[in-house]
Amino acid sequence: MAGRTRKFNPVLSEQDKATLEKIVSSRTEEIRKVQRAKMILLAASGSSNTDIANNLGISRPVVNKIIKRFSSAGVQAALEDAARPGRPKELDPEQQTWIISLACSKPRELPDGPALELWTLSALTNYVRSHCKEHGFDRLESVAASTIWYLLNKSEIKPHRIRYYLEKKDEQFEAKAKEVLLLYKKIEWITQLAKKYDDPEEEITLVNQEVFISYDEKPGIQAVENKHKDRNPKPGKGFVRRDYEYIRHGIVSLLAGIDLLTGKVHSIVCESHKSSDFIDFLRMLDKTYPEGLVINIILDNHSAHRSRETMNYLATHPNRFKFTFTPKHASWLNLIESFFGKMARTCLRGLRVRSKEELVNHINRWIMQVNAEPVRSTAGNGSLKTSSPYLLN
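Analysis parameters
Residues numbered from 1 in each chain as written. Predicted model: local features only at pLDDT ≥ 70, side-chain atom pairs only at ≥ 80, totals over all residues. Heavy atoms only, no water. Helix = DSSP H or I, 4+ residues; strand = E, 2+ residues; numbered from the N terminus. Buried < 20%, exposed > 50% of the residue type's maximum accessible area, 1.4 Å probe, protein only. Contact = heavy atoms within 4.5 Å. Areas by Shrake-Rupley, 256 points an atom, 1.4 Å probe, with all protein chains shown as cover. Arc of directions from axis to C-beta. Axes fitted to C-alpha atoms, helices over the stretch in contact; angles between N-to-C directions. Parallel < 35°, antiparallel > 145°, perpendicular 65-115°, else oblique. Left-handed = near helix turned anticlockwise from the far one by under 90°. Nonpolar A, V, L, I, M, F, W, Y, C, P; charged D, E, K, R; others polar. Phe/Tyr/Trp six-rings, centres within 6.5 Å; stacked < 30°, edge-to-face > 60°. Pairing = 2+ DSSP bridges. Core = buried A, V, L, I, M, F, W, Y, C linked by side-chain atoms within 4.5 Å. Expected span 1.5 Å × (residues − 1). Polar contact = N/O pair within 3.5 Å; in protein donor to acceptor, adjacent residues only side chain to side chain. pLDDT = per-residue confidence, 0-100. Salt bridge = Lys/Arg side-chain N within 4 Å of Asp/Glu carboxyl O.

Student: Describe the overall build of the protein chain, and please don't skip the residues or the numbers.
Tutor: Each helix and strand in the protein chain was counted, giving 15 helices and 5 strands. Across the 393 residues that make up the protein chain, the buried fraction comes to 37%. Taking as baseline every contact in the protein chain between residues at least 6 positions apart, the subset at least 24 positions apart corresponds to 66%. Approximately 24700 Å² of the protein chain is accessible, and the part contributed by carbon and sulfur atoms is 51%.

In structure tokens form, the structure reads like this:
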């Protein structure tokens, strides 16, 4: 009976007591440590091992072990698990280095490697097991997949994942970026200057000295029809239900440009986006704006924009169009991309049509609604903002 009600009053220093109380009040500490800290504090307050066990809902032998460990080795030893004897670490430094080198290589480029572009954990484990003897690592013949996973995780290597980056391929990137951004700055300056005039006609005369168009194509817009009818939302089922099957009717391309001074969107919907389609768009702009105005167009480096056919058309309209090309892989500098993003989120989101013609009509109707309440882009409203270091403030 005396053994079951044994009391042991450990002597705690102020520092040890503060450490234990901090662990007990922590919300992120391990439960194991919190329980052991409570055991020691209760024992120091005079509670018996039996009372501590009943209070914490654990067995008395566990309490005996922790309190005994504290009395012989101190607070840290009582809080941590004692080292256990067992088999040595499975991977020595040479083995770890070899496995990491495999993980950092393409599977299909290794001798007898699997026909994979990226490693899977099972493929890497199987390769290590089947080729370890060739490198003198016989013990790896039975290596566990979890062991390899822990090694890769510790080394922060994820050979099964891809993170994309953008190679800077345009040697004239800075010069081209400055040209585009200075054009936006010019638009902002024109808009701010026009606001100083009270006479609307005088303002229009000033603003219309030049035209500024942000242009691009949005290809591959799919005309997709439901095979089975959608089910509209109902109380308790507040979402549209749609069958997975659908019918394809083909694709169309949208060629669009935003007038950065007025906010108006010019557009044509085509079967493709070839040079002839781009020239049709230029013809539309030529008919829209009065003669004598220079039409500045910001656009990317698509082959149709530089083709011989396009150049021949421009030669028949000298001084009418001025192209400003964004740097390669820098479409984010073109403000039309924001318009296409809005279109994808609104006009095209979840769209189902019965034909390609219905898709074309839907797009044209949406653009008409946009033009009914045009919104000037940030390049033309006096508040152009960019994180680019090339924009002159």
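Student: Could you give me a rundown of unusual backbone geometry, with the residues and numbers involved?
Tutor: Positive phi, close to 65 degrees, is recorded for Asn319, a residue that is not glycine. Relative to the helices and strands, Asn319 resides in the loop between helix 13 (308-315) and strand 5 (321-325). Notably, His329 is not glycine yet its phi reads approximately 60 degrees, a positive angle. Looking at the element boundaries, His329 is found in the loop between strand 5 and helix 14 (336-345). What makes His329 partly exposed here is its relative accessible area of 43%.

Student: Could you give an account of helix 14, with specific residues and numbers?
Tutor: Given 3.6 residues to a turn, an α-helix orients residues that are three or four positions apart in the same direction. All buried positions along helix 14 are accounted for by Ile336, Phe339, Phe340 and Met343. The buried side chains of helix 14 occupy one side of the element, clustering within an arc of 100 degrees when seen end-on. Opposite the buried face of helix 14, at more than 90 degrees from it, the exposed residues are Ser338 and Arg345.

Student: Summarise the packing of helix 3 (residues 49-56) against helix 4 (residues 60-73); cite the residues concerned and give the values.
Tutor: Closest axis-to-axis distance for the helix 3/helix 4 pair is 8 Å, and the angle between their directions is 120 degrees. Our classification of the angle between helix 3 and helix 4 gives oblique. Crossing handedness for the pair helix 3 and helix 4: right-handed. Side by side, helix 3 and helix 4 meet where Asn49, Thr50, Ile52 and Ala53 of the first sit next to Arg60, Val63, Asn64 and Ile67 of the second. Residue classes in the contact of helix 3 with helix 4 are distributed as 4 nonpolar, 3 polar and 1 charged.

Student: Give a detailed account of the packing of aromatic side chains, specifying residues and quantitative values.
Tutor: Counting across every chain of the model gives 10 aromatic pairs. The interplanar angle of 45 degrees and the centroid separation of 6.3 Å between the aromatic rings of Tyr313 and Phe321 together place this pair among those described as tilted. On the basis of relative accessible area, Tyr313 is assigned to the buried category, the value being 8%. Its relative accessible area of 12% is what places Phe321 among the buried residues.

Student: Describe the pairing of strand 3 (residues 265-270), naming the residues involved and giving the relevant values.
Tutor: Summarising burial for strand 3: 5 of the 6 residues are buried, a large majority. Of the pairings in the sheet, the one linking strand 2 (residues 246-259) to strand 3 comprises 6 bridges and is antiparallel in character. For Leu254, the partnering residue across the bridge sits in strand 3 and is Val269. Two successive antiparallel strands, strand 2 and strand 3, enclose a turn made up of 5 residues, where Gly263 displays a positive phi of approximately 85 degrees.

Student: So, the nonpolar core: which residues are in play, and what are the values?
Tutor: Counting 35 residues, the largest nonpolar core has Phe339 and Ile363 as the members making the most contacts within it. At the level of secondary structure, the elements contributing two or more residues to this core comprise helix 9 (173-194), strand 1 (210-226), strand 2, helix 14 and helix 15 (356-372). For this core, the element with the highest residue contribution is helix 9, accounting for 8 residues. Excluding anything up to four places from it in sequence, Phe339 contacts Ala256, Ile258, Val265, Trp366 and Val370. In terms of nonpolar packing, the next biggest core, distinct from the first, is built from 21 residues, Phe278, Leu314, Phe321 and Phe325 among them.

Student: Now, about helix 15: what can you tell me, with residues and values included?
Tutor: Between its first and last C-alpha atoms helix 15 spans 25 Å; for 17 residues at 1.5 Å apiece the expected length is 24 Å, and the two agree. All of the buried residues in helix 15 are Lys356, Leu359, Ile363, Trp366, Ile367 and Val370. Mapping the buried residues of helix 15 onto a view down its axis gives an arc of 95 degrees, with all of them on the same face. Opposite the packed face of helix 15, turned more than 90 degrees from it, sit the exposed residues Glu357, Asn361, Arg365, Met368 and Ala372.

Student: Run through the pairing of strand 1, naming residues and quoting values.
Tutor: Buried residues dominate strand 1, accounting for 13 of its 17 residues. When strand 1 meets strand 4 (residues 294-299), the two strands line up parallel, connected through 5 bridges. Across the sheet, residue Phe212 finds its bridge partner in strand 4, namely Asn296. Here 11 bridges tie strand 1 to strand 2, and the two strands are oriented antiparallel to one another. In the sheet register, Lys218 faces strand 2, and the bridge partner there is Leu254.

Student: Give a detailed account of the side chain of Asn334, specifying residues and quantitative values.
Tutor: In this fold, Asn334 is placed in the loop between strand 5 and helix 14. Reaching out from Asn334, the side chain makes a polar contact with the side chain of Ser214 at a distance of 2.3 Å. If sequence neighbours within four positions are ignored, Asn334 has contacts with Tyr184, Ser214, Tyr215, Ile298, Leu299, Asp300 and Thr326.

Student: Pulling in residues and values, what's your account of the confidence of the model for the protein chain?
Tutor: In the predicted model, the protein chain carries a mean pLDDT of 84, and the fraction of residues at 70 or more is 87%. pLDDT under 50 marks residues 380-393. Its contacts with residues more than four places away, or in other chains, come to 28 contacts.

Student: Quick one: what's the story with the pattern of salt bridges, residue by residue and with numbers?
Tutor: Counted according to the given criterion, the structure contains 12 salt bridges. Between Glu188 and Lys185 there is a salt bridge; the shortest N-O distance is 4.0 Å. Linking Glu188 with Lys185, this pair stays in helix 9, spanning 3 residues, or about one helical turn. A salt bridge links Asp280 to Arg283; its shortest N-O distance comes to 3.2 Å. Residue Asp280 and its partner Arg283 are located together in helix 11 (residues 275-288), separated by 3 residues, close to a single helical turn. Salt bridges linked by common partners bring Lys106, Arg108 and Glu117 together as one network.

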